[in-house]
Each structure stands twice: as C-alpha cells, then as structure tokens.
Amino acid sequence: MSAAGKGTSAWKSGAKRLLGRTGFDIVRSSNNLGGVDDFIPFEATMRAARAAGMSVGDHIDAVMNGTPGATQSTIDELRALGVFAAGPKTVLEIGPGSGRYLEKTLKECSPDRYEIYETAAPWADYLVNTFGVVAMPTEGSSLAPTPDGSVDLVQAHKVFNTVTFLCAARYFFEMARVTRPGGRIVFDVMTETCLDPAAVRTWATQGGTGHGSFPAAMPRTMCVDLFATLGFGLEASFVAPLGVASTEVLVFRKADRPLP
C-alpha cells in the first residue's frame, strides 16, 4: 500500500473510532448536506447486534457509542412530559438512521401512520420492512411530500447537531408547517446550555479531530424565538448525552389556533 493509501486508511480508522463515541447514527447519504462522509455500515451493524443478542438500537447505544440506555432515557423523559399520552395518530421522524428512537417510540404509542425521512436507503428499507413505517421521498432538505398541518408528533434525534445551520433552519420551518394545531415538535440541539467552559474544553481535547459539521452548536434563544413566531411554545427541555458531552432536547407545542 502506498504512503498515501496508508494515511487514508489510518484517517478512516481514527474517524470511525471518533464517530463510535459521538452518540448519533452516521449513515451513507445521497447528499452531503451535513458534511458527514462516513457511515455505520448496515450489514456489519446488523450482524454485530444479532451476535450480541441485542436490538440494533441498544447495540449502538451500549457498544458503538458507549452510552448504554441513552436512547431509553430520552424516551422516558418524553413519556414523563406527556408527549405520548395524547396518542399521536401521525408521527414523522427526520433522520431515524438505525431506528433506535423509532423503535422505542412505537412501544410508547400506536400511530396510524409513521413517516420517516431517511437518505440512507439500506436503513430506510430496513425500517420499512421491520416496523411498517412509510419512507417518504427525500433529498435531505425538506418535508415537501407531507401536507400542511397533518402530523401530531414531529421528531428528530441526534440530527441537528450533525448538520449545517442552514440545513437545520430550513427543517425548522418545514417541521412547523407540517405540525397540526395542538401537535408537538421534539428535537435536540447543542445549545449554550451544553457549552459551559468545561464542556467546550472536553470537546476541544477529547472530541478527536471533529468530523465535517459535527458537532454543530445552535443558539437556544434563536430556536425558542423562531418557533414562537411560528405559533409554538416551549413546553419543556432537558439535557441528554451526546458524544463526550451533551445535547439539549426541546419540546414545543403548536397553539390550538393561529396566533393573531
């Protein structure tokens, strides 16, 4: 192998070790909006999960990310906040990846329709075949196929800290558009709540070399103020694990009627 080839191989190996600690699902995409050019391989991950006798999601949490129970703890918080109590009939998830949040959401509620927007075809096919969800056509930039005001619960987990600011912002407008009055939006972002000096030092010293747009920070006030202009109030927030530090989960509820 040439010196260049050895360098590339070493870089990929190091990147995969770093990504194994980041707490989000990296999948091959038809675009590179998020600057993510590595992925969790479908076949190898499935084999490893089966060999460990674990669900794919639990295997990613416990083995690949080193944060056992992280997904379940987020679901537990959402349950305690009453997010599933209303029995959402239509759920939409952006970037479900391996489906670790999707699987646990379906244990909490029984929607008539569960739409996913996932650019990684092998994982999207797996989720459709395993959970009976509906894969919507996507290029990673909008929710155009979903009608206005048609969704009870819109969620995105470990997505908006992996993409660029403009990609996230455009999705925010789309999420607001498709949510019905009284419906909820749940997503996490790495806000200033998660970026005290100690956390910044941890990212800088233990976060490896970084990877494209990850980790991407997002002002909390901007999120709250933007969704307020779109008719949403912030119901609750809590901190969840993300890689070597944390991310903040925000829960918004859309007003029952348009604001004046």
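Definitions and limits used
- Residues numbered from 1 in each chain as written.
- Predicted model: local features only at pLDDT ≥ 70, side-chain atom pairs only at ≥ 80, totals over all residues.
- Heavy atoms only, no water.
- Helix = DSSP H or I, 4+ residues; strand = E, 2+ residues; numbered from the N terminus.
- Buried < 20%, exposed > 50% of the residue type's maximum accessible area, 1.4 Å probe, protein only.
- Contact = heavy atoms within 4.5 Å.
- Areas by Shrake-Rupley, 256 points an atom, 1.4 Å probe, with all protein chains shown as cover.
- Axes fitted to C-alpha atoms, helices over the stretch in contact; angles between N-to-C directions.
- Parallel < 35°, antiparallel > 145°, perpendicular 65-115°, else oblique.
- Nonpolar A, V, L, I, M, F, W, Y, C, P; charged D, E, K, R; others polar.
- Arc of directions from axis to C-beta.
- Core = buried A, V, L, I, M, F, W, Y, C linked by side-chain atoms within 4.5 Å.
- Salt bridge = Lys/Arg side-chain N within 4 Å of Asp/Glu carboxyl O.

> Could you clarify how one ought to interpret the overall build of the protein in this entry?
Assigned secondary structure in the protein consists of 9 helices and 7 strands. For the protein, the residues scored as buried account for 49% of the 260 residues in total. When contacts within the protein are restricted to residue pairs at least 6 apart in sequence, long-range pairs at least 24 apart make up 70% of them. Carbon and sulfur atoms make up 56% of the accessible area of the protein, which amounts to about 11,600 Å² in all.

> When you look at helix α5 (residues 100–108) in this model, what are you seeing that I'm missing?
Counting along an α-helix, one turn takes 3.6 residues, and residues three or four places apart therefore face a common direction. All buried positions along α5 are accounted for by Arg 100, Tyr 101, Leu 102, Glu 103, Lys 104 and Thr 105. In this structure, the buried side of α5 is in contact with α3 (56–64), α4 (70–80), β1 (90–94), β2 (113–117), α6 (121–131) and β4 (151–156).

> Any chance you could explain the packing of helix α2 (residues 42–52) against α3 here in plain terms?
To describe two helices that pack against each other, one gives the angle between their axes and the distance between the axes. As a packed pair, α2 and α3 sit with axes 9 Å apart at the nearest point and diverge in direction by 90°. In terms of orientation, α2 and α3 fall into the roughly perpendicular class. On α3, the residues that touch Thr 45, Met 46, Ala 48, Ala 49 and Ala 52 of α2 are Val 56, His 59, Ile 60 and Met 64. Here the contact of α2 with α3 is built from residues that sort into 7 nonpolar, 2 polar and no charged.

> Help me understand α6, please; the structure alone is not making it clear to me.
Those residues of α6 that sit buried are Trp 123, Ala 124, Tyr 126 and Leu 127. The buried side chains of α6 occupy one side of the element, clustering within an arc of 160° when seen end-on. Buried residues along α6 sit in contact with α2, α3, α5 and β2. Just downstream of α6, Gly 132 is the residue with a positive phi angle, here 70°.

> What's the story with the nonpolar core in this structure? I'm lost.
Nonpolar side chains tend to gather and get buried jointly when the protein is soluble and globular. With 28 residues, the main nonpolar core has Ile 94, Phe 160, Phe 172, Met 175 and Phe 187 as its most contacted residues. The biggest single contributor to this core is helix α7 (residues 165–178), with 7 residues. Contacts of Phe 187, omitting those with residues within four sequence positions, involve Ala 156, Phe 160, Phe 172, Met 175, Cys 223, Phe 227, Glu 248, Val 249, Leu 250 and Phe 252. Of all hydrophobic cores here, the second largest spans 27 residues; its members include Phe 84, Val 91, Tyr 101 and Val 133.

> I tried to follow the pattern of salt bridges on my own but got confused; where do I start?
Pairs may arise between side chains of opposite charge once their charged atoms sit close together. With the rule as written, the count across this model stands at 10 salt bridges. Of the charged contacts, one joins Lys 104 and Asp 58 as a salt bridge, the two residues approaching to 3.2 Å between their closest N and O atoms. In this pair, Lys 104 sits in helix α5 while Asp 58 sits in helix α3, placing the two residues 46 residues apart along the sequence. Put simply, Arg 79 and Asp 76 hold a salt bridge, and the shortest N to O gap is 3.0 Å. Of the two residues, Arg 79 and Asp 76 are both situated in helix α4; the distance of 3 residues between them amounts to about one turn of the helix. You can call Asp 76 partly exposed: its relative accessible area is 30%.

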